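Residue-level structural notes
Residues per chain are reported as follows:
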Amino acid sequence: MSESDVVVFVTVAAVRIQTWLTRTPSLKLLRGASHALRDSTSVERITRFLEETGLAATIASDAGDVDGVVVLRVAPGHDPAAIVDAVVTDLGRELPGVEWEAWWTAADGYLEAYRKAVAENDASVGRRSFYPVLADLPAAQSCSGCRCEPAGDRLDDGQRIGADCSVRAGAGKLRKGEATTFEELARCGGLVAGRPQRAVGRQLSRNHLATIAADGNRIGELFDLIADHGNDDLRRTCVASLDAATCETVQQVTRALSKGANVDAVIGHYTGGDDVLIGVPAPLAWQVVNLLIATFEAEIRVRIRGGIEVPAEIDRVLGGVSLGVGVTFAHASHPIAATNRRAHEAMAQAKNEVRGRKGAVSWIDLTAEDELPKGRHLTRAELSDLIGGGNPGGRRDILDLPASARASLAELLRNRRSSPGDTSQGVRQWADRTGRPELAARAEAAKLDMFSDTLSLARWWPELGGGVV
Ligand SMILES: [Zn+2]
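Description of the structure in this document. (Residues numbered from 1 in each chain as written. Predicted model: local features only at pLDDT ≥ 70, side-chain atom pairs only at ≥ 80, totals over all residues. Heavy atoms only, no water.)

1. Overview of the layout of surface pockets
Over the atoms rolls a probe the size of a water molecule, and its path tells where empty space is left. Of the voids in this model, the largest pocket is the one considered here, and its volume is about 1300 Å³. In this structure, the largest pocket is lined by 47 residues; those nearest its centre are Val 69, Tyr 110, Tyr 114, Val 118 and Asp 275. It is helix α5 (residues 110-118) that contributes the most residues to the lining of the largest pocket, six residues altogether. Looking at the lining of the largest pocket residue by residue, the classes come out as 26 nonpolar, nine polar and twelve charged. Residues lining the lining of the largest pocket come from more than one domain, with at least three contributed by each of domain 1 (3-134) and domain 2 (182-393). Here the second largest pocket defines a volume of roughly 560 Å³. At the level of elements, α2 (27-40), α9 (232-258) and β9 (267-272) are the ones that each hand at least two residues to the lining of the second largest pocket. Two domains each provide a minimum of three residues to the lining of the second largest pocket, namely domain 1 (3-134) and domain 2 (182-393). (1 Å grid on protein atoms, 1.4 Å probe; cavity = no way out; pocket = protein on both sides within 12 Å on 5 of 7 lines; lining within 4 Å. Points joined across faces, edges and corners; volume = space filled by probe spheres on them. Helix = DSSP H or I, 4+ residues; strand = E, 2+ residues; numbered from the N terminus. Nonpolar A, V, L, I, M, F, W, Y, C, P; charged D, E, K, R; others polar. Domains from an automatic or database assignment.)

Written as structure tokens, this is what we have:
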């Protein structure tokens, strides 16, 4: 095969997508950005763009259709860098605030190309980064939609906005059932008449939101094995199944918790590959997380195994794929840029604590703490056991304490880090005095963080009988 017959794969991908999406505090502009990103980078639109421009490239159908990512095969003998320039120039017109990175390399298939690109030290991979032009302009007046770009002449709700927010404001129709503001999502999301949905530990819980970030465990390992295997059908099935499993998971969770409600319980900000970013009313967060993990893990296995015969060594890794989740609880007015960042921080901790070996979740409650407590996490098994009424590790005993006892316990735990011995003794005495031997038995110094984390869990735990699905 001569040099000119080699197929070159080109990928153009949005950088830090979720940071860009969430840089506006407005749900309308965030929703518009999600839609604009999906539409601009869709296989359908890029196919049309290639036809209109006559560029010497075709869609790489084995790369799926992930939001914010364009993958092309360049016809032999053509310059991939020129194709990249043309595609990014077009995307820059569609999405003026997005930063892009591009890479290209010769390979037998997309997964092999991808693996070369992520290896980073492969000199045969061409790379380029593209920064949004507008970000460099001096801002006399900043955009009222995001404060991240100069304001232009366009108005949104009477306020001057920039080029990026103009695209956001014009994109995406409101679907029936979608909340129009973060406040409406918090107040009405998933609320069904006659079924109160409140949190155990909060009087006024219906003005808070949970921002939930999730990402698959062992996905890289799975796709490395698949790339090694060298079967094109297997590659194509697995890439498509991953994206479909993630999208279907968010849709199923939304349907399950929105049944009968005027306003959907879940707003999906981003789903692509194995990444998820959604917002839900705070009192529904734990049911959503539980369903999210269970549904994703089932969907990915069913879709791949149902689509193709999976070799045993790949099936073993597929059986170990799970979901890591991070949650931020905050008032509905808290900027999503911050809740998104904290949710990703919590997600990284959850994945770390179980070394990516099982589904797990960690969380930060910005109504009660400034920092993510070290080590805090629940495994998928613990969470589903708790939701089913079980008592994993004695957590149920703490969750079911009356409000006054939870307050006393929180007070006793206040100095647990500086004086664990005294705290442990204090908790034991209190538990004995109030007739709770099961708590006294567990109140050793090493378990004090579990006590504290479970009190945090209680704050947004759904009130039982209040519409648990
Ligand atoms: Zn803006």
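2. Focus: the nonpolar core
Ile 212 and Trp 286 are the most contacted members of the largest nonpolar core, which totals 65 residues. Tallying contributions element by element places helix α10 (residues 285-307) first for this core, with nine residues. In this structure, Trp 286 is in contact with Phe 329, Val 361, Trp 363, Leu 383, Ile 387, Leu 457, Trp 460, Trp 461 and Pro 462, ignoring residues within four places of it in sequence. (Core = buried A, V, L, I, M, F, W, Y, C linked by side-chain atoms within 4.5 Å. Buried < 20%, exposed > 50% of the residue type's maximum accessible area, 1.4 Å probe, protein only. Contact = heavy atoms within 4.5 Å.)

3. Notes on the coordination of the zinc ion
For the zinc ion, the full set of protein donor atoms is Cys 143 (SG), Cys 146 (SG), Glu 149 (OE) and Cys 165 (SG), at a range of 2.2 to 2.3 Å. Around the zinc ion, the four donor atoms sit at angles spanning 104 to 116°, and that spread fits a shape best called tetrahedral. All donors of the zinc ion belong to a single chain; written as a sequence motif, their spacing is C-x2-C-x2-E-x15-C. Take Cys 143 and Glu 149: they sit in the same class, and that class is buried. (Donors = N, O, S within 2.8 Å, 3.2 Å for Na, K, Ca; no water. Tetrahedral: all angles 85-135°; square planar, octahedral: opposite > 155°, others 65-115°.)

4. Overview of the sheet that holds strand β13 (residues 378-379)
Strand order in the open sheet made by the six strands is β9-β10-β8-β11-β12-β13, with mixed pairing throughout. Each edge of the open sheet carries a strand with a single partner, namely β9 and β13. For strand β8 (residues 208-217) and strand β10 (residues 275-281), the ladder comprises seven bridges, and the chain directions are antiparallel. Across the sheet, the residue bridging to Ala 210 is Val 280, located in β10. (Pairing = 2+ DSSP bridges.)

5. Topic: empty space enclosed by the protein
Within this structure, the stated rule accounts for one cavity of 30 Å³ or more. The computed volume of the largest cavity comes to approximately 70 Å³. Phe 182, Leu 209, Thr 211, Thr 328, Ala 330, His 331, Ala 332, His 334, Ile 336 and Thr 339 are the residues that line the largest cavity. Contributions of two or more residues to the lining of the largest cavity are made by β8, β11 (322-331) and α12 (336-353). At three residues, the largest contribution of residues to the lining of the largest cavity is made by β11. Grouping the constituent residues of the lining of the largest cavity by class yields five nonpolar, five polar and no charged.

6. As for helix α15 (residues 403-413)
The complete set of buried residues in α15 reads Ala 405, Arg 406, Leu 409 and Leu 413. An end-on view of α15 places all buried positions within 100° of arc, on one side of the element. In this structure, α15 carries Ala 403 and Ser 404 as exposed residues pointing more than 90 degrees from its buried face. (Arc of directions from axis to C-beta.)

7. A word on α9
End to end, α9 covers 39 Å across 27 residues, agreeing with the expected 39 Å (1.5 Å per residue, within 8%). Capping the start of α9, Asn 231 holds a side-chain oxygen 2.9 Å from the backbone nitrogen of Asp 233, two or three residues further along. Residue Gly 260 follows α9 closely and has a positive phi angle near 80°. (Expected span 1.5 Å × (residues − 1). Polar contact = N/O pair within 3.5 Å; in protein donor to acceptor, adjacent residues only side chain to side chain.)

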